[in-house]
Structures are given as C-alpha cells and as structure tokens.
Amino acid sequence: MPRSHEHLIQRLQERNADRERATTGGIHSKKAIPPVAAKALQTTERAIGFKLPELLRAIYLKVGNGGFGPEYGIVGTQGGAKLDGCTLETCYQNMAKLDSENSVWRWPKHLLPLANYGCGMWSCVDCEYQKLPMILWDPNNLDSALEGADARLNWGNSFWDQGRSLRMWLEAWLATEDEDEQWEPEPKWPSDFWMKKRLGFTLPK
C-alpha cells in the first residue's frame, strides 16, 4: 500500500477513535466498530460481484466496519454499521434493482454507495475508475412514471460529480475541524463522457 494511503489510514484510525468527531452528521455509536476480518470482506466482495479497490479494502480491514466518515458516515459491511437500514452489500444490491421501478434507472456497475448524506442521498465511489471519483446520488426528484427522454433527464439529474477522488474526499474531511465549515466543493454535473459510459446516454444541452 502506498505511503500516502498508510498515512491516511492512520489519520482515519485516530479520527474514528474520537467518537464525538467520528462523523460530521452526529450519527455514530459510542464505541468504534472493529475492522472487518479478511474472510468476511471476501464474502462481501462475492456478494457485490467485484473486488474492492485497495484503499477501500484497507479502510474496512484496518480502520473499522463503518460508523465513521463524512456526514452520517461510511456504511459497514454485514455485521457493521447500517445506514438507512442497509449494509454495503444490501445497499448496492438494492440500487441494482432500481430498474424494476423504471427501466431507465439502470445503476452503473461498480458504483458503490459509500456514505450517507441524509434524505436518501449517498456519496458513491466509482470503482470503475482507478482514481475512484466520488459521485453524489440524490434520488429525491426521481419520478418512476416518466418515460423516454423525460425519464433519462430525470435519472441523469440525480447524479452529481463531487470533484474529488476517494482519497481527496477523505483528506478534505479529516482537515476540517468545524462541523459547519464547507469542506467540499459544490457538486456539478458529471461530464458527458461519464454520463455516456456509466448511464448510457448524455443530457441535452
């Protein structure tokens, strides 16, 4: 593991141990949840259908099984911290079933819901890319009754580019001491390239 990752893991361990500051949103258990066992994490990877990237594996194996991180925190794997009643596995599996509500709502493979932002919103890490960009998913305006171009516009508008990689996202959060301080940039529309590759269409200009 790169030294930059090792230093980040150490800082996450320290922040996770300080339970008053373990999450930004104030939802966390009084005790830190222990890290995941390697075999259990392999079970998680089988459940979601792909191997987690090195940095994310290190977070679960060396820091804890969720319950810390930006906003309401990182979701745990089975046996760890649940968010919105979900584990990492069940949340990703539920996202993959969204197209049963509307055929346009095809969740991108390897886009992993990671941290809960409240009101149904999730900060997701796109494991399709080596840089692990963070994508905010906001389902609050989704309308399953829409069809065609309207449905594509509605679905496409639920994804936002957070402008940071997983590592940068975590480092920015760790550097913020004041809960009210703006620690991440305003999200923006994803690029046409991302939209086309991950959703299968681009939005009209």
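This structure is a prediction, so every number in the text was calculated from the model and none was measured. (Residues numbered from 1 in each chain as written. Predicted model: local features only at pLDDT ≥ 70, side-chain atom pairs only at ≥ 80, totals over all residues. Heavy atoms only, no water.)

**Section: the sheet that holds strand β1 (residues 111–118)**
Going by this rule: What makes two strands pair is DSSP finding at least two bridges between them. Secondary structure elements are taken from DSSP: a helix is a run of H or I of four residues or more, a strand is a run of E of two residues or more, and numbering for both begins at the N terminus. Lines fitted to the C-alpha atoms define the axes, with helices restricted to the stretch that makes contact. Angles between their N-to-C directions range from 0 to 180 degrees. When checking whether two residues touch, look at their non-hydrogen atoms; a contact exists if any pair is within 4.5 Å.
Judged by pairing direction, the sheet is antiparallel, and its four strands sit side by side in the order β1-β2-β3-β4 without closing on themselves. Strands at the two margins of the open sheet, each flanked by one partner only, are β1 and β4 (159–165). When strand polarity is set aside, the average angle formed by the axes of neighbouring strands in this sheet is 30°. Each of β1, β2 (121–126), β3 (133–137) and β4 touches helix α6 (residues 166–174); the most contacted strand, β4, lies at about 75° to it.

**A closer look at the packing of helix α1 (residues 3–17) against α6**
Just so we agree on the cut-off: Put simply, angles under 35 degrees are roughly parallel, angles over 145 are roughly antiparallel, angles from 65 to 115 are roughly perpendicular, and the rest are oblique. Crossings are classed by handedness, with left-handed meaning an anticlockwise turn of the near helix from the far one by less than a right angle and right-handed meaning a clockwise turn. Residues were grouped as follows: Ala, Val, Leu, Ile, Met, Phe, Trp, Tyr, Cys and Pro as nonpolar; Asp, Glu, Lys and Arg as charged; and all remaining residues, including Gly, as polar.
For the pair α1 and α6, interaxial distance at closest approach is 11 Å and the crossing angle is 45°. In terms of axis orientation, α1 runs oblique to α6. As α1 runs across α6, the sense of the crossing is left-handed. Side by side, α1 and α6 meet where Ser4, His5, Leu8, Arg11, Leu12 and Arg15 of the first sit next to Arg167, Leu170, Glu171, Trp173 and Leu174 of the second. Within the contact of α1 with α6, the residues separate by chemical class into five nonpolar, two polar and four charged.

**Quick word on the packing of aromatic side chains**
Quick note on the threshold: Any two rings among Phe, Tyr and Trp, with Trp reduced to its six-membered ring, count as a pair given centres within 6.5 Å; such a pair is stacked if its planes are under 30 degrees apart, edge-to-face if over 60, and tilted if neither. We count a charge as sitting over a ring when the NZ of a lysine or the CZ of an arginine lies within 6 Å of the ring centre and within 35 degrees of the ring normal.
Applying the stated criterion across every chain yields a total of nine aromatic pairs. Their ring planes at 70° and their centres at 6.3 Å tell us that Trp137 and Trp155 sit as a pair that is edge-to-face. With a gap of 18 residues between them, Trp137 in strand β3 and Trp155 in helix α5 (residues 148–156) connect regions that are remote in the sequence. Taken together, the ring pairs in this structure connect Trp105, Trp107, Trp137, Trp155, Phe159 and Trp194 into an aromatic cluster. In this arrangement the basic side chain of Arg15 is found over the ring face of Trp173, its NZ or CZ atom lying 4.1 Å from the centre.

**Side note on the environment of Lys131**
The cut-off we apply is this: Buried means the residue's accessible area, taken with a 1.4 Å probe over protein chains only, is under 20% of the maximum for its type, while exposed means over 50%, and partly exposed covers the values in between.
By the element assignment, Lys131 lies in the loop between β2 and β3. Take Lys131: its relative accessible area is 72%, and that puts it in the exposed class. Not counting the four nearest positions on each side in its chain, Lys131 is found in contact with Ser165 and Leu166.

**A look at the packing of helix α2 (residues 38–48) against helix α3 (residues 54–62)**
Two elements in contact, α2 and α3, have axes whose closest approach is 10 Å; the angle formed by their N-to-C orientations is 135°. Between α2 and α3, the angle is such that the two are oblique. When the axes of α2 and α3 are compared, the crossing they make is right-handed. In this structure, α2 uses Ala38, Leu41, Gln42 and Glu45 to contact α3, whose residues at the interface are Arg57, Tyr60 and Leu61. Class assignment for the residues of the contact of α2 with α3 results in four nonpolar, one polar and two charged.

**Describing the nonpolar core**
As a reminder, the rule being used: Each nonpolar core is a collection of buried residues, namely Ala, Val, Leu, Ile, Met, Phe, Trp, Tyr and Cys, held together in the definition by side-chain atoms within 4.5 Å.
Within the largest apolar cluster, 60 residues are counted, with the highest numbers of intra-cluster contacts made by Tyr60, Trp107, Leu112, Trp155 and Leu166. Broken down by element, this core gets its largest block of residues, six residues, from α6. Tyr60 has contacts with Pro35, Val36, Leu41, Leu52, Asn65, Gly66, Ile74, Val75, Gly76, Thr77, Leu88 and Leu114, leaving out every residue within four places of it along the chain.

Everything listed here is a matter of coordinates, which is why it stays silent on function.
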